[in-house]
Amino acid sequence: MDLDDQLLRYFGTANIAAIEPGAFAAGIERMNVDLGLETDRSRCFALWAMMHMLGAAPDLDVAFKEEADREAARNFMDLADGSEEP
C-alpha cells in the first residue's frame, strides 16, 4: 500500500494538509467500511495503521479477529507513540 495512493483514494488528495474537514470525515467513514470488509490480514493491518496515524482507528478488538494482529497493533502504537521501553 502506497500512502499517497491511499490518501488519494480516501480523501481525494495526496496532500494531507489540503483535506477539508468534510472530506476527512467522509474518507474516514469509507476507511471504516473497507476495514470491516477486508479479508487480507496484512491489508487490514495497513489500513488500521493509517487510521491510527490519522487519529481515527477503531478499537483493536473491533479491528482484528486474531490476537496476534492485536498484539502487532499494540506494538505499532508503542513505536508510533515513542513509548517503547528498552
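Scroll up to find the structure.
Since this is a predicted model, take the numbers as computed values, not measurements.

Asker: Give me the lowdown on the overall build of the protein, citing residues and values where you can.
Answerer: Regarding its fold elements, the protein presents five helices and zero strands. Listing the helices and strands of the protein from first to last along the sequence gives α-α-α-α-α. Expected size for 86 residues packed as a compact globule is a radius of gyration near 12 Å; at 13 Å, the protein falls within 12% of this value. Reported as C-alpha extents along the three principal axes, the dimensions of the protein are approximately 35 × 30 × 20 Å. In the protein, of all internal contacts separated by at least 6 residues, the share reaching a separation of at least 24 is 40%. Roughly 5,600 Å² of accessible area belongs to the protein as shown, and the carbon and sulfur atoms make up 52% of that amount. Placing the 7 positive and 18 negative side-chain charges of the protein at their respective mean positions leaves the two points 7 Å apart.

Asker: Please provide a residue-by-residue account of the packing of helix 2 (residues 21–37) against helix 3 (residues 41–53), values included.
Answerer: How two helices sit against one another is set out by the angle between their axes and by the gap between those axes. Orientation of helix 2 relative to helix 3, taken along the N-to-C sense of each, is 155°, at an axis distance of 10 Å. Between helix 2 and helix 3, the interaxial angle falls into the category roughly antiparallel. Regarding helix 2 and helix 3, the two cross each other, and that crossing is left-handed. Contacts from Ile28, Met31, Asn32, Asp34 and Leu35 of helix 2 reach helix 3 at Cys44, Leu47, Trp48, Met50 and Met51. Looking at the contact of helix 2 with helix 3 residue by residue, the classes come out as eight nonpolar, one polar and one charged.

Asker: How would you explain the environment of Lys65 if you had to name every residue and give the values?
Answerer: Mapped onto the elements of the fold, Lys65 is located in the loop between helix 4 (60–63) and helix 5 (67–81). On the basis of relative accessibility, which here comes to 82%, the residue Lys65 falls in the exposed class.

Asker: Before we move on, can you summarise the nonpolar core with the specific residues and values?
Answerer: Counting residues in hydrophobic clusters, the biggest one holds 18 residues, and the most contacted among them are Phe11, Met31, Leu35, Leu47, Trp48 and Phe64. Only helix 1 (3–11), helix 2, helix 3 and helix 4 provide two or more residues apiece to this core. Residue contributions to this core peak at six residues, all from helix 3. Apart from the residues within four sequence positions on either side, Met31 is in contact with Tyr10, Phe11, Leu47, Met50, Met51 and Leu54.

So, how was this worked out
- Residues numbered from 1 in each chain as written.
- Predicted model: local features only at pLDDT ≥ 70, side-chain atom pairs only at ≥ 80, totals over all residues.
- Heavy atoms only, no water.
- Helix = DSSP H or I, 4+ residues; strand = E, 2+ residues; numbered from the N terminus.
- Rg over C-alpha atoms; globule rule 2.2 N^0.38 Å.
- Contact = heavy atoms within 4.5 Å.
- Areas by Shrake-Rupley, 256 points an atom, 1.4 Å probe, with all protein chains shown as cover.
- Lys, Arg positive; Asp, Glu negative; His and termini not counted.
- Charge placed at Lys NZ, Arg CZ, Asp CG, Glu CD.
- Axes fitted to C-alpha atoms, helices over the stretch in contact; angles between N-to-C directions.
- Parallel < 35°, antiparallel > 145°, perpendicular 65-115°, else oblique.
- Left-handed = near helix turned anticlockwise from the far one by under 90°.
- Nonpolar A, V, L, I, M, F, W, Y, C, P; charged D, E, K, R; others polar.
- Buried < 20%, exposed > 50% of the residue type's maximum accessible area, 1.4 Å probe, protein only.
- Core = buried A, V, L, I, M, F, W, Y, C linked by side-chain atoms within 4.5 Å.

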